[in-house]
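Chain by chain, the residues:
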Amino acid sequence: MLEPDRFDYSPIFDRPAIKWPNNARVALWVSPNMEHYEYLPPKADWRNQWPRTPHPDVSGYAHKDYGNRVAFWRMLEVMDAHKIRCTVSLNEAVLEHFPDITKAMVKRDYDYMSHGIYNTRFLNKLTLDEERAFYKDCIDTLKKHTGKQLKGMLTPAISPTEATPDLMAEAGLIYHADWFHDDQPFPLKVKSGRLISMPYAIDINDGTYNRFGCTPEYWYQSLKNQFDIVYEEGAESGRTICLSLHPYIIAAPSRIKYLDAILDYILSHAGVWNTTGDEIAQYYMDNYHDMMVKHLKSKKSPVAERAA
Amino acid sequence: MPAERKPGLDNPYFDWSPIATRPKLTWPGNARVALFLVLSVEHWQWKLPPEGYKSPELPGGVSGAGRPFPDVITYSMREYGHRVGIFRLMKLLDKYGFKATVAIDSSIAGNYPYLINECKKRGYEFIAHGVAVNQMVSAKMSESEEREHLKTSIDTVAKATGSKPLGWLGAEYGESERTNAILAEMGIKYNLDWPNDDQPYAMKAPKGEMYSLPLSMDLDDTFNHWYKRVHYDIYTQMIKDSFDVLYREGEKSGRVLGINLHPWLSGQPFRYKLLDEALGYIAGREGVWSATGSEIMEWHKKQTKR
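Keep in mind that what you see is a predicted model, and the values were worked out from it rather than measured. Along each chain, the written sequence defines residue order, and numbers are assigned to residues from 1. Chains and ligands are labelled sequentially in the order written, the chains with letters from A and the ligands with numbers from 1. A pLDDT threshold of at least 70 governs which residues receive local features in this predicted model, and a stricter bar of 80 or more applies before side-chain atom pairs are shown or counted, although totals over entire chains, interfaces and linings include all residues. The side-chain numbers reported here are obtained from all heavy atoms of the structure, hydrogens and water having been left aside.

So, on to helix H7 (residues 216-233) of chain A. Taking 1.5 Å of rise per residue, 18 residues should cover 26 Å, and H7(A) covers 26 Å from first to last C-alpha, within 8% of that figure. Classification of residues uses two cut-offs on accessible area relative to the type maximum, computed with a 1.4 Å probe and protein chains only: under 20% is buried, over 50% is exposed, and between them is partly exposed. Counting from the N terminus, the helices are the DSSP runs of H or I reaching at least four residues and the strands are the DSSP runs of E reaching at least two. Counting buried residues in H7(A) gives 13 out of 18 residues, a clear majority hidden from the surface. Helices are assigned an expected span. That span is 1.5 Å times one less than the residue count.

Dropping the structure here:
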């Protein structure tokens, strides 16, 4: 058995079919990252949060702030026009620093996947108890400001520990978005409770495109290609597509029209479930988690073949 | 040893041979181009053993090297290839009737019988591909460590597939000064680590025999999709253009178009259409021989010994 043994092997084309509500082929969730990078972050062991200069880096800091002061509001217009209820990947301190943003998100009944407290504080060095306290903070802070129960998490800057899935499940979370191994949710093995992986997007993340100098139009074309294939495959068994976004990137004046265009394109198809990460995860938990676990233990699954 | 200033190369494994001076190479059915598709199936080891060497530029993950343990991003991106990506590529190859040569490391070979079976059903050839993608063969290994690594790789593939692999591709094209000789001694007959030709050539080995087969560095999907982030429509054009040139040259003497594809990258939905277009372009032409590594090597051997 290969480490870390967090999930069983299961080829996507040879597992029980997933049917989304109303027989949708593709579940769409739109996940803008609402982040705050501290002006003077504490020193981290592995990542210099502002690597360009001794801290502060006012240009980097201000560019991120542009996302919250300007781009977020521009993005809202597009989301509203397409009736998108976002799944905000949220640095939860945003709720405390920027009440206007909190109010705008609450008014729209957005869902939230925690992305830690700040994007400049990481999990990887936390002890078990510190990490437990971190989940409690995330759950309580979200509840206090939005009234919502936290269901999922993309760890801050993706910095989990080996224990992260166990501790998330223990804290009552149901989905973990750090795993990029599939185009469907999938059960993770945890010490207690139940947890699934949710296919967030890394390769077609706007951040990846921005970092490598791709044109805005190329991002649009990539998302379109991505959608076409999962839509085709979704006729057999439901797929997910995640638009993972950063307002300071995708809602810049040079890019915003492509966000509008991709939402136009995806939503022009019948059989798209316009939903949130929380709802996809809950639906999978209610209808498919146990069935999939049972399948993985059955003779029909490739896992059983390995054991034989 | 530093090079001596005299004609020829400064390594012991092959003679220098410019392609323009060689006898004509003819492929079966007078094909002009042998299409040699390699699928690299690679495990990213969760914990690197202390003695392991990992290329600092290993593709996968976010923001390059230096992520803290555990690097779930890189680990899970690789896993995508085994669960999802490779099946898309198989579908594409099925569509065009193309064969593949599967470079599989011992971690995957020993733990993913379902994958092996799907490849077997299609008549793909398996070749040894190290232990895990983040354990590269290098001069950092002692001879005994290296022998153990190569033996594990070869024996695991033999056991998992039911036949001894005849080919080798090092994880991240890694070799020490010893690798080629040890591989030949262990019964490997062709090596894909040397991207220096458009035709196969015989290598020298103290014990056993060895051939080098062409695998284009220029068209390796990790170089394009990962290191250079070439727009995939340009990558598609590069494959078509490469084919056209080799096809033209192949009229005079056979050529190999060797493409190394990684399912975790090329099997992503957004890249699929463009790869489909590139392979469709090749499939539409007369005079293309889709072949596995062993088939190319055996044919070349017969030709050159005649």
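Turning to the pairing of strand E8 (residues 239-245) of chain A, a few remarks are in order. The two faces of a sheet get side chains in turn, since along a regular strand they alternate between them. All names here are of chain A. Within E8, seven of the seven residues are buried, which leaves it mostly tucked inside the rest of the structure. Of the two faces of E8, the one lined by Arg239, Ile241, Leu243 and Leu245 and the one lined by Thr240, Cys242 and Ser244 are each fully buried. In this analysis, strands are considered paired if DSSP registers two or more bridges between them. One ladder, built from seven bridges, connects strand E1 (residues 26-34) with E8; its direction is parallel. By the bridge assignment for E8, Ala27 is matched with Thr240.

Quick look at the packing of helix H1 (residues 72-96) of chain B against helix H9 (residues 269-283) of chain B now. Packed helices, taken two at a time, are described by the angle between their axes plus the distance between the axes. All names here are of chain B. Put simply, H1 and H9 touch, their axes get as near as 10 Å, and they point 25° apart. With respect to H9, the axis of H1 lies roughly parallel. In this structure, H1 meets H9 at a crossing whose hand is right-handed. Here Tyr80, Arg88, Leu89, Lys91, Leu92, Leu93, Lys95 and Tyr96 of H1 come into contact with H9, specifically with Pro269, Tyr272, Leu275, Asp276, Leu279, Gly280 and Ala283. Lys, Arg, Asp and Glu make up the charged group, whereas Ala, Val, Leu, Ile, Met, Phe, Trp, Tyr, Cys and Pro make up the nonpolar group; the residues left over, Gly among them, are polar. When its residues are assigned to classes, the contact of H1 with H9 shows ten nonpolar, one polar and four charged. Here an angle of 0 to 180 degrees is reported between the N-to-C directions of two axes, which are lines fitted to C-alpha atoms, with helices fitted over the stretch in contact. If an angle is under 35 degrees, it is roughly parallel; if it is over 145, roughly antiparallel; if it lies from 65 to 115, roughly perpendicular; otherwise it is oblique. It is the rotation of the near helix from the far one that decides the hand of a crossing: anticlockwise by less than a right angle makes it left-handed, clockwise makes it right-handed. Contact between two residues is taken to exist if any of their heavy atoms lie within 4.5 Å; hydrogens are not considered.

Each pair of aromatic rings taken from Phe, Tyr and Trp, with Trp reduced to its six-membered ring, is defined by centres within 6.5 Å and is described as stacked if the planes are under 30 degrees apart, edge-to-face if over 60, and tilted in the remaining cases. Taken as a whole, this structure holds 38 aromatic pairs over all chains when the rule is applied. Summarising the aromatic geometry, the rings of A:Trp20 and A:Trp273 are spaced 5.6 Å apart at their centres and angled 45° between planes, so their arrangement reads as tilted. In this pair, A:Trp20 sits in the segment before E1 while A:Trp273 sits in strand E9 (residues 272-275), placing the two residues 253 residues apart along the sequence. Using a relative accessible area of 16% as the deciding quantity, one classes A:Trp273 as buried. On the numbers, 5.4 Å between centres and 45° between planes, the contact of B:Trp27 with B:Trp289 is tilted. Taken together, the positions of B:Trp27 in the segment before strand E1 (33-41) and B:Trp289 in strand E9 (residues 288-290) put the pair 262 residues apart, joining distant regions of the chain. The same class applies to B:Trp27 and to B:Trp289, which are both buried. Members of the aromatic cluster, joined through ring pairs, are A:Phe7, A:Trp179, B:Trp46, B:Phe69 and B:Tyr75. Note on geometry: a ring has a charge over it if NZ (lysine) or CZ (arginine) is within 6 Å of the ring centre and within 35 degrees of the ring normal. Of note, A:Arg25 hangs over the ring of A:Tyr231, and the distance from its end group to the ring centre comes to 4.3 Å.

Listed per partner, the contact involves 49 residues of chain A and 42 residues of chain B. By convention, the term buried area covers the 1.4 Å-probe accessible surface removed from two parts as they join, with the contributions of both added. Summed over both partners, the interface of chain A with chain B buries about 4,200 Å², with 59% contributed by carbon and sulfur atoms. Per-residue buried area on chain A facing chain B is highest for A:Leu2, A:Tyr9 and A:Asp203; these three make up 16% of the total on that side. The rule for a salt bridge is simple: a side-chain nitrogen of Lys or Arg has to be within 4 Å of a carboxyl oxygen of Asp or Glu. Taken together, the connections running from chain A to chain B amount to eight salt bridges. Here a polar contact is recorded for every N or O atom pair within 3.5 Å, except that within protein the pair must consist of a potential hydrogen donor and a potential acceptor, and residues adjacent in sequence are included only if both atoms are side-chain atoms. Seen at the junction of chain A and chain B, the total is 20 residue pairs in polar contact (both at pLDDT 80 or more). Secondary structure elements with two or more residues in the side of chain A that touches chain B: helix H6 (206-211), H7 and helix H12 (302-307) of chain A.

Further remarks concern the nonpolar core. Nonpolar cores were defined as sets of buried Ala, Val, Leu, Ile, Met, Phe, Trp, Tyr and Cys residues, with membership established by side-chain atoms within 4.5 Å. A:Met79, A:Met105, A:Trp219, A:Leu243 and A:Leu259 are the most contacted members of the largest nonpolar core, which totals 107 residues. Among residues more than four places away in sequence, those in contact with A:Met79 are A:Val30, A:Ile84, A:Cys86, A:Tyr110, A:Leu245, A:Leu259 and A:Leu263. If you look at the next biggest cluster of nonpolar residues, it comprises 43 residues, including B:Leu115, B:Leu219, B:Leu279 and B:Ile282.

For the bond running from A:Glu3 to A:Pro4, omega is 5°, close enough to zero to count as cis. Checked against the element boundaries, A:Pro4 lands in the segment before E1. The linkage connecting B:Phe69 with the following residue, B:Pro70, adopts the cis geometry, with an omega of -5°. Its identity is not glycine, yet B:Glu172 carries a phi of approximately 55°, on the positive side. In this fold, B:Glu172 is placed in the loop between strand E4 (167-168) and helix H5 (179-185). Note on B:Glu172: relative accessible area 17%, which makes it buried. Positive phi outside glycine occurs at B:Tyr173, with the angle close to 55°. Structurally, B:Tyr173 can be placed in the loop between E4 and H5. Among the residues examined, B:Tyr173 registers a relative accessible area of 19% and is labelled buried.

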